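Topology and contacts: notes
Spelled out, the chains give:
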Amino acid sequence: MKTTKIIASGILAMGLATANLHALDTNDRLELLESAMIEQATTPAQKSAVSEYLANVAKEKTELAQALRERAGSTRGGKALSQMNEKKELLRRAEALEKDAKKYQTVSMDLHSESMQVAHN
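Notes on the structure in this doc start here. For clarity, every value in this text was computed on a predicted model and none was experimentally measured.

Looking only at helices and strands, the protein has four helices and zero strands in total. Along the protein, helices and strands appear, N-terminal first, in the series α-α-α-α. Per-residue burial for the protein yields a buried fraction of 17% across its 121 residues. Looking at the protein alone, contacts between residues at least 24 apart form 62% of all its contacts between residues at least 6 apart.

So this is what it looks like as structure tokens:
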């Protein structure tokens, strides 16, 4: 009986210790991975690859923002208040995506220029 309690409390402690890893949502995990990639890129080839990846992410976010803006501009029938709220939400999400895309593009350009400077030296 005592051994069972010790084992159960040990398993519970292990679960609580690893719970912090699962507390991060997918976006936070992705941002951590991307920042680690940026920090670890040292050679011109690595910086170029990371720069290209970030530029592609920026492009995807811009395209998704454009799709949300188009969806916000279309009419779908239904109650006017719910349409107005949905339109506001879609536009808010589009603005957030465009802001992220600009951030990614800036970091991509910085990495690209760093890789070009290192390559020329």
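With that out of the way, let us pick up helix 3 (residues 44-73). With 30 residues, helix 3 extends 43 Å between its outermost C-alpha atoms, agreeing within 8% with the 44 Å of an ideal straight helix rising 1.5 Å per residue. Those residues of helix 3 that fall on the buried side of the exposure criterion are Lys47, Val50, Ser51, Leu54, Val57, Ala58, Lys61, Ala65, Leu68 and Ala72.

Tracing the sequence through the fold places threonine 62 in helix 3. Residue threonine 62 is classed as partly exposed on the basis of its relative accessible area, which comes to 40%. Sequence separation between threonine 62 and aspartate 100 is 38 residues; the distance between their C-alpha atoms is 8.7 Å. Within the structure, threonine 62 has its side chain in polar contact with the backbone oxygen of alanine 58 (distance 2.8 Å).

On to the pattern of salt bridges. This model, assessed by the stated rule, comprises five salt bridges. The salt bridge partner of glutamate 98 is arginine 69, with a shortest N-O separation of 2.9 Å. Of the two residues, glutamate 98 sits in helix 4 (residues 80-120) while arginine 69 sits in helix 3, which places them 29 residues apart along the sequence. Overall, the relative accessible area of 27% leaves glutamate 98 in the partly exposed class. In this structure, glutamate 89 and arginine 92 form a salt bridge, with 2.5 Å as the shortest nitrogen-oxygen distance. Within this pair, glutamate 89 and its partner arginine 92 are both found in helix 4, separated by three residues, close to a single helical turn. The exposure class assigned to glutamate 89 is partly exposed, which follows from its relative accessible area of 33%. Given a relative accessible area of 49%, arginine 92 falls into the partly exposed group.

Here the focus is the packing of helix 2 (residues 26-40) against helix 3. Packed helices, taken two at a time, are described by the angle their axes make and the gap between the axes. Viewed as axis vectors pointing N to C, helix 2 and helix 3 meet at an angle of 150°, and their least axial separation amounts to 9 Å. Accordingly, the angle class assigned to the pair helix 2 and helix 3 is roughly antiparallel. Relative to helix 3, helix 2 is oriented so that their crossing is left-handed. Only Gln46, Val50, Tyr53, Leu54 and Val57 of helix 3 make contact with helix 2, whose side of the interface consists of Leu30, Glu34, Met37, Ile38 and Gln40. Here the contact of helix 2 with helix 3 is built from residues that sort into seven nonpolar, two polar and one charged.

Criteria and cut-off values
Residues numbered from 1 in each chain as written. Predicted model: local features only at pLDDT ≥ 70, side-chain atom pairs only at ≥ 80, totals over all residues. Heavy atoms only, no water. Helix = DSSP H or I, 4+ residues; strand = E, 2+ residues; numbered from the N terminus. Buried < 20%, exposed > 50% of the residue type's maximum accessible area, 1.4 Å probe, protein only. Contact = heavy atoms within 4.5 Å. Expected span 1.5 Å × (residues − 1). Polar contact = N/O pair within 3.5 Å; in protein donor to acceptor, adjacent residues only side chain to side chain. Salt bridge = Lys/Arg side-chain N within 4 Å of Asp/Glu carboxyl O. Axes fitted to C-alpha atoms, helices over the stretch in contact; angles between N-to-C directions. Parallel < 35°, antiparallel > 145°, perpendicular 65-115°, else oblique. Left-handed = near helix turned anticlockwise from the far one by under 90°. Nonpolar A, V, L, I, M, F, W, Y, C, P; charged D, E, K, R; others polar.

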